[in-house]
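The chain contents come next:
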Amino acid sequence: MHPRRALNHITLAAFCVLACSPLVSVLGRPATFLQDFRVSWADSHIRQINGGEAIQLILDQSSGCGFASKRQYMFGRVSMKIKLIPGDSAGTVTAFYMNSDTDSVRDELDFEFLGNRSGQPYTVQTNVYAHGKGDREQRVNLWFDPAADFHTYSILWNHHHVVFYVDQVPIRVYKNNEAKRVPYPTYQPMGVYSTLWEADDWATRGGLEKIDWSKAPFYAYYKDFDIEGCSAPGLASCASNPKNWWEGAPYQQLSAVEGRRYRWVRMNHMIYDYCTDRSRYPTVPPECEAGI
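The structure contained in this document is the topic of the report that follows. (Residues numbered from 1 in each chain as written. Predicted model: local features only at pLDDT ≥ 70, side-chain atom pairs only at ≥ 80, totals over all residues. Heavy atoms only, no water.)

## A word on the sheet that holds strand β8 (residues 92-99)
Next, step 1: With respect to topology, eight strands assemble into an open sheet ordered β3-β6-β15-β8-β9-β10-β11-β17, the strand pairing being antiparallel. The open sheet has two edge strands, β3 (37-41) and β17 (270-273), and neither has a second partner. The average undirected angle you get between the axes of adjacent strands in this sheet is 15°.
Next, step 2: The pairing of strand β6 (residues 65-69) with strand β15 (residues 191-198) spans four bridges and is classified as antiparallel. Considered in β15, the bridge of Phe67 is made with Ser194.
Next, step 3: Contacts from helix α3 (residues 256-268) reach β11 (138-141) and β17 within the one sheet, and its direction differs from that of β17 by about 85°. (Pairing = 2+ DSSP bridges. Helix = DSSP H or I, 4+ residues; strand = E, 2+ residues; numbered from the N terminus. Axes fitted to C-alpha atoms, helices over the stretch in contact; angles between N-to-C directions. Contact = heavy atoms within 4.5 Å.)

Structure, rendered in structure tokens:
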């Protein structure tokens with residue numbers, strides 16, 4: 001990932017942990033953006049809408065922008081509603097991700113929305129870094145226009161797997177296979193970040209399509225942030241407590257319905273998978289053989 005930069009006001013819908021024990025409870029509450037997030041990059045390029053009910057991020061030739069959570073979290077689920085840049089957005093990247101902010105040994109879970117020329121499908125790239133090792137890119141063409149309205153993007157992270165969701169449709173699963181010596185983000189808390197920036201050296205058709213600054217400024221919109229997890233620093237028992245809802249049986253593997261949706265996405269909308277890229281990986285990476 002790239003810049004670590006941040007946002008101004010937002011109405012944050014919750015940060016709640018539904019738990020069966022007071023030891024693991026972090027009660028949900030409505031909050032303004034400034035209660036739970038901090039400006040980390042170009043607050044002049046972030047605007048509050050409707051008293052903080054939504055946020056506009058702006059990219060122009062002078063700067064992009066972004067935001068970061070004030071706290072880090074161990075396991076749980078994070079989600080946000082995003083409306084992406086309409087029209088000709090080639091060369092832009094709108095990102096939503098979790099990151100441990102630990103440099104060479106970082107853990108990171110990425111959504112990166114890659115801009116396009118008008119009329120082409122929007123591509124979302126996901127990536128997983130575990131114990132400093134990344135290069136696990138997968139790309140999916142979205143099956144709807146993500147600039148026409150808000151859609152919900154979520155990351156579920158527990159001891160069993162990481163699942164990336166688009167409107168409750170799983171588009172990627174990364175399983176915990178530490179028993180097979182496959183790195184998994186188990187030990188480091190991560191913060192929540194989002195950025196809007198220019199990356200026309202790689203974002204659209206591998207850098208062939210450059211950003212058209214005559215179309216600037218570019219706008220992306222965010223609302224309804226939801227963080228449910230164990231905040232860090234916090235009670236050490238929280239992250240390991242099996243009674244946290246996200247560790248429950250329904251969340252340890254995809255349901256039958258989710259499994260069908262997941263296979264549908266991969267059959268019809270996946271355009272790149274590092275697991276099948278023999279030019280990069282002559283030997284299939286071990287995590288790719290785990291299935292869902």
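From this point, the discussion proceeds with the structure in view.
## A few points about empty space enclosed by the protein
Next, step 1: For the structure on display, the rule yields one cavity of 30 Å³ or more.
Next, step 2: Residue lining of the largest cavity: Tyr73, Phe75, Gly76, Arg77, Val78, Met98, Ile155, Trp157, Ile227, Glu228 and Gly229, and that is the complete set.
Next, step 3: Elements with a minimum of two residues in the lining of the largest cavity: β7 (72-83), β12 (151-157) and β16 (218-232).
Next, step 4: For the lining of the largest cavity, a count of residues per class yields seven nonpolar, two polar and two charged. (1 Å grid on protein atoms, 1.4 Å probe; cavity = no way out; pocket = protein on both sides within 12 Å on 5 of 7 lines; lining within 4 Å. Points joined across faces, edges and corners; volume = space filled by probe spheres on them. Nonpolar A, V, L, I, M, F, W, Y, C, P; charged D, E, K, R; others polar.)

## Some thoughts on the layout of surface pockets
Next, step 1: Of the voids in this model, the largest pocket is the one considered here, and its volume is about 340 Å³.
Next, step 2: Taken together, 17 residues form the lining of the largest pocket, with Arg77, Tyr165, Gln168, Tyr251 and Glu258 sitting closest to its centre.
Next, step 3: Secondary-structure elements contributing two or more residues to the lining of the largest pocket are β7, β12, β13 (161-166) and α3.
Next, step 4: The residue makeup of the lining of the largest pocket, split by class, is seven nonpolar, six polar and four charged.
Next, step 5: As a volume, the second largest pocket reaches approximately 230 Å³.
Next, step 6: In terms of lining, the second largest pocket is formed by 14 residues, of which the most central are Asn116, Pro121, Thr123, Thr204 and Arg205.
Next, step 7: Taken together, the residues of the lining of the second largest pocket sort by class into four nonpolar, six polar and four charged.

## Structural notes on α3
One full turn of an α-helix is made of 3.6 residues, so residues set three or four places apart face in the same direction.
Next, step 1: Spanning 13 residues, α3 covers 18 Å between terminal C-alpha atoms, matching the ideal 18 Å at 1.5 Å per step.
Next, step 2: Three or more residues of α3 are buried, namely Glu258, Gly259, Tyr262 and Val265. For α3, the arc enclosing every buried residue in end-on projection is 125°, short of the 170-degree limit, so these residues lie on one face. For α3, exposure combined with an orientation more than 90 degrees from the buried face picks out Ala256, Arg260 and Met267.
Next, step 3: Buried residues along α3 sit in contact with β11, β13, β14 (169-175) and β17. (Expected span 1.5 Å × (residues − 1). Buried < 20%, exposed > 50% of the residue type's maximum accessible area, 1.4 Å probe, protein only. Arc of directions from axis to C-beta.)

## Observations concerning the pairing of β11
Looking along a regular strand, one sees the side chains alternate between the two faces of the sheet.
Next, step 1: Every second residue of β11 is oriented toward a common face, with Gln138 and Val140 on one face and Arg139 and Asn141 on the other, all of them buried.
Next, step 2: As defined by bridge partners, β11 adjoins β17 across three bridges and the pair is classed as antiparallel. Bridge pairing in β17 places Arg139 opposite Tyr272.

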